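Structural overview
The lines below spell out each chain.
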Amino acid sequence: MGRKSNLFFALWLFWLAAVFVEARTGHGLIGYGIDMYKPACASACRSVIGMATLNCTTMHHDHSSEGGMMMMSMTSPECYATDDAFLQSLAFCISTRCSELSPATIETYWEKNVAGTEDVQPNPKESYQRALAKVTVTPTVTFDGKVLNSTQLVAAADYEANWNALTAFEQAEDTHSRYGLILLISGILLPVGCSLAHFSFASNRVVRKFVAGFLDQPAFGTRHRLSIFLGLGLAPTRGQALFIFYLIAINIILMSVGYESRQPSAWFGDVQGEIIAYVSNRAGVLSFANIPLLFLFSSRNSFLLWLTDWSRPTYVFLHKWIAFLATLEASLHSVLYLYQKFADHATESQLPYWYWGIIATLGMVVLLPTSILPLRERAYAWFLNWHIAISILVVAGCLLHIIYRFDNHWGYENWIYITIAVWGFDYLVRILRILRKGFVKNAIVTSIDDDYVKIEVPGVSASGYAYLYFPTLSWRIWEGHPFSIASNVSKISNGKVESDKIEEDHLIRKQVTETSLVEEQTESGSSREQENTEVKSTSKPTVGLTFYVRLMPGRTSRLRGKTTIPVLVEASYGSAGAGFLKDDLSEYPNLVVIAGGVGISAVTHLLHSHPGRVKLYWAVRSWSLVTASEDLIEGVDKEIFVGSEGARMDVTTVLECEILDASGAVVVVVCGPKGMADAVRAQVGKLAAKSHVAVKLVEESFSW
């Protein structure tokens, strides 16, 4: 297993590096397609004399930071490529310092680097061998760091300082790239590996009990869906907490190891300054490596959703922690660079690379406090649009920061290109899903009562859940809202369900227990509420989607009073898009479904497709929703708890009866209010330890 894992990891590295290399010839990541200063001996020679004033160097006036004028020298690539003193001094230094290199290797370096490192630059006027042949006498003058007007020697001390600087810096950059790849690839492979392990042992009763009783339980307390810390956040499950611990640990470890100083250095005056530079660069690279991962985890169409058994709410929850780590590293990168460049801040801060980097960092910092749970819950549309707008600014800022600073030379921009590819793929698939469903459809809206409406979209088939776009409800036509698909068969009606007699009828219903009402069935199988419900017009079954929607403040409240409305359907998600490693619930002989309100929509497909015993417990506010959706639960063993009649579901009693008395494995599916979901989760965890059978918990929910 270890060898296979190592091979798989190596193949991933090879594939990623190959993609980078093919994206731009000679580019990729440093150490994976890009060599910075190899061969180091030749680069050190050029580095020593590269700042010399040559015969063809030009002088020009420039404004100083104090407002005065100063003379500046500029040596063009053409000058380097044609100056005899430069070419011959460089050739002689290389011949004495690079004796172990083959002539072909030296000639390759010579052609690519003598004039500089630009993408487009002139070739040297003569080859290395020809330039060296012109040095007929060993030079006696040593270059003093100023003017180079004859063939001169490179001092041993200058060569050593530049060789140390170049090799240490490239080694550090190689390490940054390797650690960035480890961070990104492990963040992808770990969910896949965990899912494979769970899939391999999913039928083991001990494993099932461990997952339900330990991994699926909150890391602390009893809340997972309900907020904690003054309502500012959510508690992870223990399984999620373990992955969060890994993310934090791997980022800390990769930030803390792999540094090496080489002194004397032509670039750094002391060890402290050198290590600070390396730490700053490491923080920047790891922040960049986290960015593709956080976009992948937030994507609706992430391939991880197709490959693993982790739910989208889990990925969205983890996405927030990755964003926190990426922001922390970006901030560290910016602060350390500000420390290094403090003396030159007045001039550096005017450069595009500087202020675009600041824009990107500030954007990431601003996103954290503006993404807290209360804002997401109370103003989700505002949060979403703000989040997307600032995210675009962050991605653009990161890309421009690198382009202006390095001009695509060292491959840092590839981390951002991966991010753009992930984000672009997600939105492309969203558009394709909409187009596949026929673009704009005409939906029929039927009022159930003051709190609920039924939306029917004829001629469309899907499963799981869908995102609905209502272009006529707001100018923000790009905003889609997720709704569970209750049925693929729609009974189109032009009328409105009347329920004038429902309350009177329900007052005399038989209360089976102190906390529940059981819907009584007649010999024909029709329910009593159906006998007292009238539909003003006939309806016929047809292919189409049915949604039950609770009207909430905001966009959905505008559906009140509508009868028809244009809609775009983006589907299928959830059940239809489930990964192949997800558990097959049909392997569990007993299915217990606990639903609250319109949560019934997310579980109706299970009620009729599960091959074993099925029991539904449904808590609703009033009988109106039950009446409107009675065809979805027809023939299902069920208990219905109506809040308007004082009936409340006792989750503890329900689950104790279903799990402790079960004769086979039990899967509990819950979809409803946060408090209900947390109560079910906690009770399943307790009973999993006591039960003699395996227990599994499945929560159907959307994540903010």
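Just so you know, these numbers come straight off a predicted model, no measurement behind them.

**Topic: the overall build of the protein**
When you go through the protein residue by residue, the secondary structure sums to 23 helices and 18 strands. Burial status across the protein gives 51% buried among its 704 residues. For the protein, contacts bridging at least 24 residues in sequence account for 72% of all contacts bridging at least 6. A total of about 33,000 Å² of accessible surface is found on the protein, and carbon and sulfur atoms cover 60% of it.

**Concerning the sheet that holds strand E14 (residues 590-596)**
Within the open sheet, the five strands sit side by side as E16-E15-E14-E17-E18. Their pairing is parallel. Strands with a single pairing partner mark the edges of an open sheet, and in this sheet they are strand E16 (638-642) and strand E18 (695-699). Across the sheet, the axes of successive neighbouring strands diverge by a mean angle of 10 degrees, strand direction being ignored. The sheet contact formed by strand E15 (residues 613-620) and E16 spans five bridges and is parallel. Bridge pairing in E16 links Ala619 to Phe641.

**Focus on the pattern of salt bridges**
According to the stated counting rule, one finds 16 salt bridges in the structure shown. When the shortest N-O distance is used, the salt bridge between Asp35 and Lys38 registers 3.9 Å. Classification of Asp35 by relative accessible area gives partly exposed; the value is 49%. With a closest N to O distance of 3.4 Å, Arg262 and Glu260 form a salt bridge. By relative accessible area, Arg262 is classed as buried at 19%. Salt bridges linked by common partners bring Arg225, Arg681 and Glu699 together as one network.

**Thoughts on the nonpolar core**
Inside soluble globular proteins, nonpolar side chains tend to come together where they are buried. In this structure, Phe86, Ile94, Trp110 and Phe297 are the most contacted members of the largest nonpolar core, which totals 96 residues. Looking at this core, the element that brings in the most residues is helix H10 (residues 271-298), giving 15 residues. When neighbours within four sequence positions are excluded, Ile94 is seen to be in contact with Ala42, Cys45, Ser99, Ile106, Tyr109, Trp110 and Tyr128. Core analysis: the next-biggest nonpolar cluster, separate from the first, contains 33 residues, Leu607, Leu632, Cys671 and Val698 among them.

**Observations concerning the packing of helix H14 (residues 352-367) against helix H16 (residues 380-406)**
Between H14 and H16, the least distance of the axes is 8 Å, while the angle of their chain directions is 150 degrees. Between H14 and H16, the angle is such that the two are roughly antiparallel. H14 and H16 meet at a crossing whose hand is left-handed. Contacts from Pro352, Tyr353, Trp356, Gly357, Ile359, Ala360, Gly363, Met364, Val366 and Leu367 in H14 reach Trp386, His387, Ile390, Ser391, Leu393, Val394, Gly397, Cys398, Leu400, His401, Tyr404 and Arg405 in H16. Classifying every residue of the contact of H14 with H16 by side-chain character gives 15 nonpolar, six polar and one charged.

**Quick notes on the state of the cysteines**
On inspection of all chains with the given rule, the structure shows three disulfides. Here Cys41 is linked by a disulfide to Cys98, with a sulfur-sulfur distance of 2.1 Å. Disulfide Cys41 to Cys98: torsion about the S-S bond roughly 130 degrees, handedness right-handed. Of the two residues, Cys41 is situated in helix H2 (residues 40-49) and Cys98 in the loop between helix H4 (84-97) and helix H5 (103-113); the sequence distance between them amounts to 57 residues. Note on Cys98: relative accessible area 2%, which makes it buried.

**A word on the layout of surface pockets**
Summary: where empty space remains is shown by rolling a probe the size of a single water molecule over the atoms. The space that makes up the second largest pocket amounts to roughly 1,000 Å³. Within the residue set of the lining of the second largest pocket, elements represented by two or more residues are H2, helix H3 (77-82), H5 and helix H7 (156-200). Taken together, the residues of the lining of the second largest pocket sort by class into ten nonpolar, ten polar and three charged.

**Comments concerning the side chain of His610**
As for its placement among the helices and strands, His610 is situated in the loop between helix H20 (604-609) and E15. You can call His610 buried: its relative accessible area is 10%. Within the structure, the side chain of His610 is placed 3.0 Å from the backbone nitrogen of Gly612, a separation counted as a polar contact. Setting aside its immediate chain neighbours within four residues, His610 contacts Leu585, Ser586, Tyr588, Pro589, Asn590 and Leu591.

**Here's the deal with the confidence of the model for the protein**
One rule of thumb: low pLDDT means the predicted coordinates there are not for detailed reading. Averaged over every residue, the pLDDT of the protein is 87; residues scoring 70 or more account for 86%. Residue range residues 1-25 is modelled with pLDDT below 50. Its contacts to residues more than four positions away, or to other chains, number 26 contacts. Low confidence marks residues 494-538, where pLDDT is under 50. Its contacts with residues over four positions away, or in another chain, come to 82 contacts.

**Re empty space enclosed by the protein**
In total, this model carries five cavities of 30 Å³ or more according to the counting rule given. Looking at the largest cavity, its volume works out to about 440 Å³. Lining the largest cavity are 26 residues, with Gly284, His333, Tyr337, His401 and Ile402 positioned closest to its centre. Counting only elements with at least two residues in the lining of the largest cavity, the list comes to H10, helix H12 (312-340), H14 and H16. For the second largest cavity, the calculated volume is near 60 Å³. The wall of the second largest cavity is formed by His198, Ala202, Val207, Arg208, Val211, Ala212, Asp216, Asp583, Tyr588, Val695, Lys696 and Leu697. Of the residues forming the lining of the second largest cavity, the biggest block, four residues, is contributed by helix H8 (residues 205-215). The residue makeup of the lining of the second largest cavity, split by class, is seven nonpolar, one polar and four charged.

**Quick notes on the pairing of strand E7 (residues 465-469)**
The buried count for E7 comes to five of five residues, which makes it a mostly enclosed element. Neither face of E7 is exposed, since Tyr465, Tyr467 and Tyr469 on one face and Ala466 and Leu468 on the opposite face are all buried.

Parameters and conventions
- Per chain, residues are indexed from 1 in the order of the written sequence.
- With pLDDT at 70 or above as the cut-off, local features in this predicted model cover only qualifying residues; side-chain atom pairs require 80 or more to be listed or tallied, and sums for whole chains, interfaces and linings still use all residues.
- Hydrogens and water are ignored here; the side-chain numbers use all heavy atoms of the structure.
- Helix and strand definitions follow DSSP, with helices as H or I runs of at least four residues and strands as E runs of at least two, each counted in order from the N terminus.
- Exposure categories follow from relative accessible area, calculated using a 1.4 Å probe and restricted to protein chains: below 20% of the type maximum is buried, above 50% is exposed, and the middle band is partly exposed.
- The criterion used for residue contact is that any of the two residues' heavy atoms lie within 4.5 Å.
- Here the accessible surface of atoms and residues is derived via Shrake-Rupley with a 1.4 Å probe, and residues count as covered only by protein chains that are part of the display.
- Whether two strands pair comes down to DSSP finding at least two bridges between them.
- Simply put, an axis is a line fit to the C-alpha atoms, just over the touching stretch for a helix, and the angle between two N-to-C directions goes from 0 to 180 degrees.
- Throughout this description, the term salt bridge denotes a Lys or Arg side-chain nitrogen within 4 Å of a carboxyl oxygen of Asp or Glu.
- What is meant by a nonpolar core is a set of buried Ala, Val, Leu, Ile, Met, Phe, Trp, Tyr and Cys residues, joined one to another through side-chain atoms within 4.5 Å.
- Just so you know how the angles are binned, under 35 degrees is roughly parallel, over 145 roughly antiparallel, 65 to 115 roughly perpendicular, and the rest oblique.
- When the near helix sits turned anticlockwise from the far one by under a right angle, the crossing is termed left-handed; a clockwise turn instead gives a right-handed crossing.
- Only Asp, Glu, Lys and Arg are considered charged in this grouping, and only Ala, Val, Leu, Ile, Met, Phe, Trp, Tyr, Cys and Pro are considered nonpolar; every other residue, Gly among them, is considered polar.
- In what follows, a disulfide is any cysteine sulfur pair within 2.5 Å.
- Any residue with an atom within 4 Å of a point lines the site, the site being either a cavity, points on a 1 Å grid over the protein atoms alone where a 1.4 Å probe fits but cannot get out, or a pocket, an open set with protein on both sides within 12 Å along at least 5 of 7 lines.
- Grid points are joined across faces, edges and corners, and a volume is the space filled by probe spheres set on the points.
- N or O atoms within 3.5 Å of each other form a polar contact, as long as, within protein, one can give a hydrogen and the other can take it, and as long as residues adjacent in sequence are counted only when both atoms are side-chain atoms.
- Values of pLDDT, which run from 0 to 100, indicate the predictor's confidence residue by residue.

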